[in-house]
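Topology and contacts: notes
Spelled out, the chains give:
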Amino acid sequence: MSGEKEGNSFTILRIYDEPEERKYKSEDSDISAQRGLEAQSQLDGVYDIPQWPPVSPAQQGPVYQEMSSLTPQQWALQALDRSELRASWFPAGKPREDAEFGSSCLPGSRFGQPCPLPPSSDEVWSFFEAIPPIADDVVVRPRTPRALLKVGRLRHGKRVCAIAISSSTHHVYTCGHGYIKVWDKSALHTWNKAPQAQLNFQDHQNCVLTCKLFPDEQSLITGGVSRTLTLWDLAPTPRIRAQLASTGPICYSLALSSNAQICLACFKGFVEIWDLQNQILIRKQEIPEYGSRCVDLTGNKFWTGGEDTRLYSWDLRSCQKLQQLSLHHEILSITHDPSEEWVLVGLRTSDIIILHSHRKEKFKASINKYVHHHNLKFASCGSYFVTTLGESIHCLAAPSLQRLFQEEESTEIVCCDVSSDSQYLVTGSKNCASVYQLLY
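What this report covers is the structure whose coordinates are included nearby. (Residues numbered from 1 in each chain as written. Predicted model: local features only at pLDDT ≥ 70, side-chain atom pairs only at ≥ 80, totals over all residues. Heavy atoms only, no water.)

Points about the overall build of the chain
When you go through the chain residue by residue, the secondary structure sums to 5 helices and 30 strands. Once local pairs closer than 6 in sequence are excluded, the contacts in the chain between residues at least 24 apart make up 48%. As displayed, the chain offers around 19900 Å² of accessible surface, 49% of which is attributable to carbon and sulfur atoms. (Helix = DSSP H or I, 4+ residues; strand = E, 2+ residues; numbered from the N terminus. Contact = heavy atoms within 4.5 Å. Areas by Shrake-Rupley, 256 points an atom, 1.4 Å probe, with all protein chains shown as cover.)

In structure tokens form, the structure reads like this:
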């Protein structure tokens, strides 16, 4: 996705509604399918089509890299016929005679090893001609929902500050002031059913502001207005496994590593790094006081941001600051895609900042609507994500940013979650949670 530049920092992306607006864009591509994106970016550079960031041509040869990394089946997944390939790489339908490959772009040369010469244009052309057609019914693509249907309401009774959906236990957990309510699957399609259980806090003044479900969906960690982080075992019935004594009064945000061994808890002015397996505090890392509203973790790097409008990235092992990026507006949420390649940042203006977790690539999808709550949640399949802006729900395809659907609620949405099987979306608001079924 290329587009108009904002100074020298961000490329402006456009959220669009009709698939016809992107003739050459494969709608079902995955944000984490980096190899497919590299091939697609070659075409987008010719047609000036908005696309997710391509690999720098200075680092990899335009044809040789694709020839060495993609199979015929992967080419077919890009939904491009050979006539488009001919038009992009070989003008007038003939192979280019002036194609050049510098030695710096060959993988072996940078390690001081001999590297075979890249294939000639004739060989490349022969390869394309030999690609057999693949029937659409045998190509498996990630699904994206086309609409959603409101099927129920969970009457929590107080403001719902955090939500978790466990497809493993078939329960929804609504969190807030004084208690957590547990709802079984039968309650999702009703409007007034009582919860299966209510987990009351010992201190009724405690309030859960944030929660994270473990990858196996059998455990949950919660934090908020309390000097403890609470580990919950969810199966067969919810119970407290451990309470971790924190050093701050209010935990605003939590982040988990992909293996659930490391947890980051964000407090005003610092982040606690916990070893959940041994239930010990590894380190208390000081961060800017007004840059500590939210936290996220990708590999060995974590991200923080808040009222000071700056996004910070830190090395998890050394805790050295790696990057500081001014976004000019308050940061309300940070999340990442399932591959941990892309980081999404939600601003108070409703804008979405898209960053590569390793490369220096920055994008912005502008919406320009001031909100108090901006939630971002990626589907586990990586083909779409949900963002809630005030009373609005937007579902956007990844990486195309096509708006799959939009829904309005009557009250402001505070939090949301998408089930790992991509069947349900649950939003939390003033005193209840709304249950939506995703339709495909």
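Back to the text.
Comments concerning the sheet that holds strand 13 (residues 262–267)
Taken together, the 4 strands give an open sheet; going across it, the order is 12-13-14-15, and neighbouring strands pair in antiparallel fashion. Strands with a single pairing partner mark the edges of an open sheet, and in this sheet they are strand 12 (253–256) and strand 15 (280–286). The sheet shows a mean angle of 20° between the axes of neighbouring strands, taken without regard to direction. With 4 bridges connecting them, strand 12 and strand 13 associate as antiparallel partners. Residue Ser 253 lies in a different strand from strand 13, and its bridge partner there is Cys 266. (Pairing = 2+ DSSP bridges. Axes fitted to C-alpha atoms, helices over the stretch in contact; angles between N-to-C directions.)

Brief notes about unusual backbone geometry
Following Ala 235, the chain continues into Pro 236 via a peptide bond in cis, with omega recorded as 0°. By the secondary structure assignment, Pro 236 is in the loop between strand 10 (228–233) and strand 11 (239–245). For the peptide bond that leads from Ala 398 to Pro 399, omega is 5°, which places it in the cis range. Note on placement: Pro 399 falls in the loop between strand 26 (392–397) and strand 27 (403–408). Unusually for a residue other than glycine, Gln 279 sits at a positive phi of about 55°. Mapped onto the secondary structure, Gln 279 falls in the loop between strand 14 (270–275) and strand 15. For Gln 279, a relative accessible area of 33% corresponds to the partly exposed category. (Buried < 20%, exposed > 50% of the residue type's maximum accessible area, 1.4 Å probe, protein only.)

Concerning the packing of aromatic side chains
Summed over all chains, the structure comprises 4 aromatic pairs. In this arrangement the basic side chain of Lys 284 is found over the ring face of Phe 270, its NZ or CZ atom lying 4.3 Å from the centre. When the ring centre of Phe 10 is taken as origin, the NZ or CZ atom of Lys 364, which lies over that ring, is 5.6 Å away. (Phe/Tyr/Trp six-rings, centres within 6.5 Å; stacked < 30°, edge-to-face > 60°. Lys NZ or Arg CZ within 6 Å of the ring centre and 35° of its normal.)

Some details on the sheet that holds strand 4 (residues 160–166)
Strand order in the open sheet made by the 4 strands is 4-5-6-7, with antiparallel pairing throughout. The open sheet has two free edges, formed respectively by strand 4 and strand 7 (197–200), since each of these has just one partner strand. Averaged over all neighbouring strand pairs, the angle between strand axes comes to 20°, with direction disregarded. Strand direction decides the pairing type here: strand 6 (residues 179–184) and strand 7, joined by 4 bridges, are antiparallel. Paired with Lys 181 across the bridge in strand 7 is Gln 198.

Observations regarding the side chain of His 394
Position of His 394 among the secondary structure elements: in strand 26. Engagement of the side chain of His 394 in a polar contact is seen with the side chain of Arg 403, the distance being 3.0 Å. (Polar contact = N/O pair within 3.5 Å; in protein donor to acceptor, adjacent residues only side chain to side chain.)

Description of the pairing of strand 17 (residues 301–305)
By the criterion of burial, strand 17 is predominantly enclosed, with 5 of the 5 residues buried. The two faces of strand 17 match: Lys 301, Trp 303 and Gly 305 on one face and Phe 302 and Thr 304 on the other face are all buried. Here strand 16 (residues 294–298) runs beside strand 17; their pairing, made up of 5 bridges, is antiparallel. In the sheet register, Asp 296 faces strand 17, and the bridge partner there is Trp 303. Connecting the antiparallel pair strand 16 and strand 17 is a turn made up of 2 residues, with Gly 299 showing a positive phi of about 60°. Where strand 17 meets strand 18 (residues 310–315), 4 bridges bridge the pair, whose relative direction is antiparallel. The partner of Trp 303 across the bridge, within strand 18, is Ser 313. Between the end of strand 17 and the start of strand 18, which pair antiparallel, lie 4 residues, with Thr 309 showing a positive phi angle near 70°.

With respect to the pattern of salt bridges
Inspection of the entire model under this criterion finds 10 salt bridges. We note a salt bridge from Arg 293 to Glu 330, for which the minimum N-O separation is 2.9 Å. Here Glu 330 lies in the loop between strand 19 (321–326) and strand 20 (331–336) and Arg 293 lies in the loop between strand 15 and strand 16, a separation of 37 residues in the sequence. Between Glu 330 and Arg 348 there is a salt bridge whose closest N-O contact spans 2.8 Å. Highlighted residues: Glu 330 in the loop between strand 19 and strand 20 and Arg 348 in the loop between strand 21 (342–347) and strand 22 (352–356), separated in sequence by 18 residues. Each member of the pair, Glu 330 as well as Arg 348, is classed as buried. (Salt bridge = Lys/Arg side-chain N within 4 Å of Asp/Glu carboxyl O.)

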